[in-house]
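Residue-level listing of the chains:
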Amino acid sequence: MTVPPIVSDVDRSVEELRIADLHGFYGESHVLHGIDLSVNRGELVTLLGRNGSGRTTTLRAIMGLLRQRTGSIMLKGRDVIKMQPHKIAHLGVGFCPEERGIFSSLNVEENLLLPPVVASGGMSLDEIYEMFPNLAERRTSQGTRLSGGEQQMLAMARILRTGADVLLLDEITEGLAPVIVQRLADVLTLLKSRGYTIVLVEQNFRFAAPLADRHYVLEHGHVVATVRSDELESKAHVFDEYLSV
Amino acid sequence: MADILGVPVQVLMGQLLIGLINGSFYAVLSLGLAVIFGLLNIVNFAHGAQYMLGAFAAWFLLNKLGINYWGALILAPLMVGAFGVVIERFLLRRLAGVDHLYGLLLTFGLALILEGTFVHTFGASGQPYAAPAQLTGGINLGFMFLPWYRAWVVAASLFVCLGTWLLIERTKFGAYLRAGTENPRLLQAFGVNVPLLITIAYGYGVALAAFAGVLAAPIFQVSPLMGSNLIIVVFAVVVIGGMGSIAGSILTGLAMGVVEGLTKVFWPEASATVIFVVMAIVLVLRPAGLFGKQA
Ligand SMILES: Nc1ncnc2c1ncn2[C@@H]1O[C@H](COP(=O)(O)OP(=O)(O)OP(=O)(O)O)[C@@H](O)[C@H]1O
Ligand SMILES: [Mg+2]
């Protein structure tokens, strides 16, 4: 990997995302019960929690994929709660879904080029292939023929091309081999150094802890704790209480 | 003149040509259905009526506005496609998210209304529409006489099918269509205006039906029910090919036309039913169709 240019002029006081009193529903079932959180530019925060705690639903609500939602979601200063999903993406947000969402009717390169460019400053195809050499080798393979790790790389890579600088990443390390997890950690470190704003949903606390500035712990659709990276030791009991199974 | 299996070559070739022409119509029509089904998940029962609208649009353009066949070949699909856009935007879109059966019922009702209105206005019998002067006559191939217009129909259909296939399989816009067929919600979350894509897909599928209608006008008469007879066979073709497969619908359409033509030679009584027999066999052996993704 080439040495990244460090972006030092990121204004970390700008609030890129602020969620207030977010409620979300699947039909009759009420799954988000007033989520509040905020993320500044250049920050990496995690959403932690047990299975079914509402982390994926929170990301889907931000993207407009969850239709039944109330409250306020300010993204780059715009309230997106009533916005159509395709307009939300154009504010400069990229989404890496839990199920990866690689299209089987598209080859690797078509998958990579699929998301429209939403802002300037995205990575070039060359840069992406340099970062993920496996994808370059397999550019003409059917997207879903890739290994799980490669599909995850592809799902990440395709949103880096678009110029989105707010990334919502859902369980990107799930089921992957340690070397690939390490590789993703390197990628996130690089993105952070470039000033990307990242919301990371994770089960793998050991992966997330060294990367994150802050952790939001969710339980039954509530934010039950917020832990800054300098409080990891003093608030260790929070993780024992809400994350252990 | 030589015989093949006791059938004069001339007869065989003649029926093959008829089969190829019918197959061309099946291909263009089932291609339109496949495009529509892919993005809307709706079996467009109005397809036959929209084919009829294409033929009538050509007839109107000629008789009321003096616009000839070549003009109609461009204008009629645009007009009927625009009508399709309105239908999608104001009717079909409201059915997004409810059972597919509603889309089927709506388009079926639409077909009945359109055909009923035209029968009421023009009577059930047909209006003649002359082939363009450039394409009258034909060529004697030695073993058969090939009318230019029929050769043109096959060529134009193949051209449009190939063009559509290239558009869908080889362009960025086509990648959107494929992705939208597979996972429209995620595509939209990436910033693609999927509702617009769906409208365009429906308009395009309808325009294809109208294009086939214009091609058909000089061969069959322009009549209100010209589509309702044809479309039943086209649905069988779609089932055989596999709902939603682009290349599959084109190849199956052509092949079924030829199969029908050959059956007419060797077993004329069966020619009207052979496609349905093939359909039944395919449904038993490969329920998702020859080119469909087997579940
Ligand atoms: N499509 C759906 N329809 C109905 N309920 C759903 C749906 N998806 C999720 N839920 C419910 O919503 C709640 C929150 O689920 P969510 O997927 O947000 O959890 P999560 O924190 O991402 O956990 P995980 O991904 O580990 O399952 C759960 O109770 C889940 O059962
Ligand atoms: Mg989840």
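Now for a quick tour of the structure. For every chain, the first residue of the written sequence is number 1, and numbering continues from 1 along that sequence. Chains carry letters from A onward and ligands carry numbers from 1 onward, assigned in written order. Selection of residues for local features in this predicted model requires a pLDDT of at least 70, selection of side-chain atom pairs for listing and counting requires 80 or more, and totals for whole chains, interfaces and linings are taken over all residues. The basis for every side-chain value is the complete set of heavy atoms in the structure, and neither hydrogens nor water enter the calculation.

This part takes up the coordination of the magnesium ion (ligand 2). Coordination sphere of the magnesium ion (ligand 2), protein contribution only: A:Thr56 (OG1) and A:Glu98 (OE), at 1.8 to 2.6 Å. In this pair, A:Thr56 is assigned in helix H1 (residues 55-63) and A:Glu98 in the loop between strand S6 (93-96) and helix H3 (108-113), connecting sequence segments 42 residues apart. Here a donor is an N, O or S atom found within 2.8 Å of the metal, or within 3.2 Å if the metal is Na, K or Ca; sites may look incomplete because water is not among the atoms. A helix here means a DSSP run of H or I that spans at least four residues, while a strand means a run of E at least two residues long, and both kinds are numbered starting from the N terminus.

Turning to the side chain of A:Gln151, a few remarks are in order. Residues and elements named next belong to chain A. Following the sequence through the fold, Gln151 ends up in helix H6 (residues 148-160). On the basis of relative accessible area, Gln151 is assigned to the buried category, the value being 15%. By definition in these notes, contact holds between two residues if any of their heavy atoms fall within 4.5 Å. Dropping the residues within four chain positions of it, Gln151 is found in contact with Arg100, Ile102, Gly143, Thr144 and Leu146. Residue burial is assigned from relative accessible area. The probe radius is 1.4 Å, only protein chains are included, and a residue is buried under 20% of its type maximum, exposed over 50%, and partly exposed in between.

Quick look at the site of ligand 1 now. All names here are of chain A. To be near a molecule or strand, a residue needs just one of its heavy atoms within 4 Å of it. Neighbouring ligand 1 are 13 residues, the closest being Asn51, Gly52, Thr56, Thr57 and Glu98. One of the backbone N or O atoms of Ser53 is found 3.2 Å from an oxygen atom in ligand 1. Within 3.5 Å is the distance limit for a polar contact, defined as a pair of N or O atoms, with the added protein rule that one can donate a hydrogen and the other accept it, and that residues adjacent in sequence qualify only through two side-chain atoms. The contact in question runs from an oxygen atom of ligand 1 to an N or O atom on the backbone of Arg55, over 2.9 Å. In these tables, accessible area is a Shrake-Rupley quantity obtained with a 1.4 Å probe, and a residue counts as shielded only by the protein chains included in the view. Relative to its free-state accessible area of 630 Å², ligand 1 is covered by the protein chains to the extent of 59%. Per-element tally for the shell around ligand 1: the top contributor is H1, with 3 residues. Under the scheme applied, nonpolar residues are Ala, Val, Leu, Ile, Met, Phe, Trp, Tyr, Cys and Pro; charged residues are Asp, Glu, Lys and Arg; polar residues are all the others, including Gly. A breakdown of the residues in the shell around ligand 1 according to their chemical character gives 2 nonpolar, 7 polar and 4 charged.

What follows covers the sheet that holds S6(A). Within a sheet, each strand pairs with its neighbour through backbone hydrogen bonds, oriented either parallel or antiparallel. Residues and elements named next belong to chain A. Pairing between two strands requires that DSSP report at least two bridges joining them. Strand order in the open sheet formed by 6 strands is S6-S7-S8-S3-S9-S10, with mixed pairing between adjacent strands. Since the sheet does not close on itself, it has two edges, and those belong to S6 and strand S10 (222-228), each with one partner. For this sheet the average axis-to-axis angle between neighbouring strands, irrespective of direction, equals 15°. Where S6 meets strand S7 (residues 166-170), 4 bridges bridge the pair, whose relative direction is parallel. What sits directly across from Val93, in S7, is Val166. For helices, the fitted line uses only the C-alpha atoms of the stretch in contact; every axis is such a line through C-alpha atoms, and the angle between N-to-C directions lies from 0 to 180 degrees.

Moving on to the pairing of strand S4 (residues 69-75) of chain A. All names here are of chain A. Where strand S1 (residues 15-26) and S4 come together, 6 bridges link them in antiparallel fashion. The partner of Arg18 across the bridge, within S4, is Met74. As judged from the 2 bridges shared by S4 and strand S5 (residues 78-79), these two strands associate in the antiparallel manner. Across the sheet, residue Leu75 finds its bridge partner in S5, namely Arg78. Counted between consecutive antiparallel strands, the loop separating S4 from S5 contains 2 residues, among which Lys76 sits at a positive phi close to 50°.

This part takes up the pairing of strand S9 (residues 214-219) of chain A. Residues and elements named next belong to chain A. Judged by how many residues are buried, S9 sits mostly within the fold: 6 of 6 residues are covered. Alternating positions in S9 separate into two faces, Arg214, Tyr216 and Leu218 on one and His215, Val217 and Glu219 on the other, with burial throughout. Bridge count between strand S3 (residues 44-49) and S9: 5 bridges; the pairing is parallel. If you follow Gly49 over to S9, its bridge partner there is Leu218. Where S9 lies against S10, 6 bridges are found, and the strand directions are antiparallel. Residue Leu218 lies in a different strand from S10, and its bridge partner there is Val223. If you look at the hairpin formed by S9 and S10, you'll find 2 residues sitting between the two strands, and His220 has a positive phi there, around 45°.

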